[in-house]
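Descriptive structure summary
So you can see what is in the structure, the chains are spelled out below.
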Amino acid sequence: MTQSIFEVGVAQRIEELEEALEDLDSEELLDILETQAEVFIGLAESLDLPGFGDIATMVLTAVEENPER
């Protein structure tokens, strides 16, 4: 099940992030990054993947502390 989630759901969300990097202004990109990171944190908690959750948490922290970057 975890593999399927990553092959489809996570891959799709990463593709959305890639598109956002190319097409959106910085404020919209921040919103998408925050939303996707929160989804990834939820997945990490439900699938017991603490390392994946740590990565998503670091993304949220980076967005909050350095939104201009």
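Keep in mind that this is a model prediction, so the values were computed, not measured. The residue numbers shown here count from 1 along each chain, following its written sequence. Local features in a predicted model are, by the rule used here, given only for residues with pLDDT of at least 70; side-chain atom pairs are given and counted only at 80 or more, and totals for whole chains, interfaces and linings are based on all residues. Just so you know, side-chain values use all the structure's heavy atoms and leave hydrogens and water out.

**Some thoughts on helix α2 (residues 26-47)**
Here is the rule: Only DSSP runs of H or I reaching four residues or more are called helices, and only runs of E reaching two or more are called strands; each is numbered from the N terminus. Between the first and last residue of a helix there are one fewer steps than residues, each counted as 1.5 Å, and that sum is the expected span. Exposure categories follow from relative accessible area, calculated using a 1.4 Å probe and restricted to protein chains: below 20% of the type maximum is buried, above 50% is exposed, and the middle band is partly exposed. The reported arc concerns the directions from the helix axis to the C-beta atoms and nothing else. Residue contacts are counted whenever heavy atoms from the two residues lie within 4.5 Å of one another.
The end-to-end C-alpha distance of α2, which contains 22 residues, comes to 31 Å, matching closely the 32 Å that a straight helix rising 1.5 Å per residue would cover. Among the residues making up α2, those that are buried are L29, L30, Q36, A37, F40, I41, L43, A44 and L47. Summarising the axial view, the buried residues of α2 lie within an arc of 160 degrees, below the 170-degree limit, and thus occupy one face. Turned more than 90 degrees from where α2 packs its buried face, E27, E45 and S46 sit exposed. The inward-facing, buried residues of α2 abut α1 (2-23) and α3 (50-65).

**Focus: the layout of surface pockets**
For the record, the criterion: Both cavities and pockets are sets of points on a 1 Å grid over the protein atoms alone; in a cavity a 1.4 Å probe fits but cannot get out, in a pocket the set is open with protein on both sides within 12 Å along at least five of seven lines, and lining residues sit with an atom within 4 Å of a point. Grid points are joined across faces, edges and corners, and a volume is the space filled by probe spheres set on the points. Residues were grouped as follows: Ala, Val, Leu, Ile, Met, Phe, Trp, Tyr, Cys and Pro as nonpolar; Asp, Glu, Lys and Arg as charged; and all remaining residues, including Gly, as polar.
Considering only enclosed or pocket space, the largest pocket measures out at about 170 Å³ in volume. Forming the walls of the largest pocket are S26, L29, L30, L33, V59, A62, V63, N66, P67 and R69. Elements supplying a minimum of two residues to the lining of the largest pocket: α2 and α3. Top element by residues in the lining of the largest pocket is α2. It accounts for 4 residues. Looking at the lining of the largest pocket residue by residue, the classes come out as 7 nonpolar, 2 polar and 1 charged.

**Quick notes on the packing of α2 against α3**
In a pair of packed helices, the angle between the axes and the distance between the axes together describe the arrangement. Threshold: Helix axes are fitted to C-alpha atoms over the stretch in contact, other axes to C-alpha atoms as well, and angles between N-to-C directions run from 0 to 180 degrees. By definition in this entry, angles of less than 35 degrees are roughly parallel, angles greater than 145 are roughly antiparallel, angles of 65 to 115 are roughly perpendicular, and the rest are oblique. We call a crossing left-handed when the near helix sits turned anticlockwise from the far one by less than a right angle, and right-handed when that turn is clockwise.
At their nearest, the axes of α2 and α3 sit 8 Å apart, and the two run at 155 degrees to each other. On the basis of the axis angle, α2 is roughly antiparallel to α3. Like other packed secondary-structure pairs, α2 and α3 cross with a definite hand, here left-handed. Contact with α2, carried on its side by L30, L33, E34, A37, E38, F40, I41, L43 and A44, involves F52, G53, A56, T57, V59, L60 and V63 of α3 and no other residues of that element. Residues that form the contact of α2 with α3 fall into these classes: 12 nonpolar, 2 polar and 2 charged.

**Points about unusual backbone geometry**
Unusually for a residue other than glycine, D48 sits at a positive phi of about 55 degrees. Relative to the helices and strands, D48 resides in the loop between α2 and α3. Under the relative-accessibility criterion, D48 is labelled exposed at 65%.

**Concerning the nonpolar core**
Spelled out, the test is: Nonpolar cores were defined as sets of buried Ala, Val, Leu, Ile, Met, Phe, Trp, Tyr and Cys residues, with membership established by side-chain atoms within 4.5 Å.
Listed in full, the 10 residues of the largest apolar core are V10, A37, F40, I41, L43, A44, L47, F52, A56 and L60. For this core, the elements supplying multiple residues, two or more each, are α2 and α3. Sorting elements by how many residues they give to this core places α2 first, with 6 residues. For F40, the residues in contact, after removing those within four places along its chain, are V10, R13, I14, F52 and A56.

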